[in-house]
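Here's the letter readout for the chains.
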Amino acid sequence: MTYTITNDCISCQRCLSSCPTKAIETDGSTFWIDVNRCNQCQGSHGVAQCWSVCPTNEGCVPLSTATTAVALNAETTTDYWHVWFTNYSHMIARLKSSQQPGYWRQWFDRYSQSLQTLRAQADTNVPLMP
């Protein structure tokens with residue numbers, strides 16, 4: 001059984017370079033896994049490399065019944081920063097819609113407290129200590 005790219009993909013494209021059989025293909029606007037090339041990295045790795053590098057851990061999953069081509073960016077442009085910000089916005093939207101709001105709230109609260117402590121130390125000219 002091969003792997004497939006799901007709708008949980010955030011279009012980071014890490015899987016393209018990690019696939020040892022080059023089974024992940026793209027036409028610039030979509031990408032998919034060629035079932036004839038994918039061997040689940042058997043014989044070369046302990047786990048499928050597309051799955052191991054996926055930041056969502058669900059962008060590449062074992063193929064169940066049919067493959068799905070996932071659209072990357074509908075627009076094709078050569079402007080590096082336009083592409084970068086479009087991908088960044090897409091990834092941030094995916095992260096914000098994740099099912100872990102408590103984790104990120106705690107992280108942000110701790111980060112904010114650290115910044116307030118640093119500002120208070122800077123205002124009182126106290127040397128920063130690790």
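Residues numbered from 1 in each chain as written. Predicted model: local features only at pLDDT ≥ 70, side-chain atom pairs only at ≥ 80, totals over all residues. Heavy atoms only, no water.

A.B. asks: Explain the overall build of the chain residue by residue, including any values.
C.D. replies: Looking only at helices and strands, one finds four helices and five strands in the chain. Along the chain, from the amino end to the carboxyl end, the secondary structure elements read β-α-β-β-α-β-β-α-α. Counting every position in the chain, which comprises 130 residues, the buried fraction comes to 23%. Long-range pairs, those at least 24 residues apart, make up 67% of the contacts in the chain between residues at least 6 apart in sequence. In the structure as shown, the chain presents an accessible area of about 9400 Å², 55% of it carried by carbon and sulfur atoms. (Helix = DSSP H or I, 4+ residues; strand = E, 2+ residues; numbered from the N terminus. Buried < 20%, exposed > 50% of the residue type's maximum accessible area, 1.4 Å probe, protein only. Contact = heavy atoms within 4.5 Å. Areas by Shrake-Rupley, 256 points an atom, 1.4 Å probe, with all protein chains shown as cover.)

A.B. asks: Outline the side chain of glutamine 49, listing residues and values.
C.D. replies: Tracing the sequence through the fold places glutamine 49 in helix H2 (residues 49-53). For glutamine 49, a relative accessible area of 16% gives the class buried. Those residues in contact with glutamine 49 that sit more than four places away from it in its chain are Ser18, Pro20 and Cys41.

A.B. asks: Residue-level account of the packing of aromatic side chains, with values.
C.D. replies: Any two aromatic rings considered together are summarised by their centre-to-centre distance and by the angle between their planes. Enumeration over the complete set of coordinates arrives at one aromatic pair. On the numbers, 5.3 Å between centres and 5° between planes, the contact of tryptophan 107 with tyrosine 111 is stacked. Linking tryptophan 107 with tyrosine 111, this pair stays in helix H4 (residues 101-123), spanning four residues, or about one helical turn. Looking at tryptophan 107, the relative accessible area reads 41%, which means it is partly exposed. For tyrosine 111, a relative accessible area of 41% corresponds to the partly exposed category. (Phe/Tyr/Trp six-rings, centres within 6.5 Å; stacked < 30°, edge-to-face > 60°.)

A.B. asks: Describe the nonpolar core, and please don't skip the residues or the numbers.
C.D. replies: Among the nonpolar cores identified, the biggest contains twelve residues, and these are Tyr3, Ile5, Cys9, Cys15, Cys19, Ala23, Ile24, Phe31, Ile33, Cys38, Ala48 and Cys50. Put simply, the parts of the chain that give this core at least two residues each are strand S1 (3-5) and strand S3 (30-33). (Core = buried A, V, L, I, M, F, W, Y, C linked by side-chain atoms within 4.5 Å.)

A.B. asks: I'd like a rundown of unusual backbone geometry, residues and numbers included.
C.D. replies: With a phi angle near 55°, lysine 22 is a residue other than glycine that sits in the positive phi range. Relative to the elements of secondary structure, lysine 22 occurs in the loop between helix H1 (14-18) and strand S2 (24-26). Non-glycine residue glutamine 40 carries a positive phi angle of around 60°. With respect to the helices and strands, the residue glutamine 40 is situated in the loop between S3 and H2. Among the residues examined, glutamine 40 registers a relative accessible area of 23% and is labelled partly exposed.

A.B. asks: Which residues make up the confidence of the model for the chain, and what values do they have?
C.D. replies: With 75% of its residues at a pLDDT of 70 or more, the chain shows a mean pLDDT of 75. At the level of individual helices and strands, the chain shows its lowest average pLDDT in strand S5 (residues 70-71), which scores 51, and its highest in H1, which scores 87. (pLDDT = per-residue confidence, 0-100.)

A.B. asks: Could you give me a rundown of the environment of lysine 22, with the residues and numbers involved?
C.D. replies: Judged by its relative accessible area of 44%, lysine 22 falls in the partly exposed class. Sequence-wise, lysine 22 and isoleucine 33 are eleven residues apart; in three dimensions their C-alpha atoms are separated by 8.8 Å. When residues no more than four places from it in sequence are discounted, the contact partners of lysine 22 are Leu16, Ser17 and Arg37.

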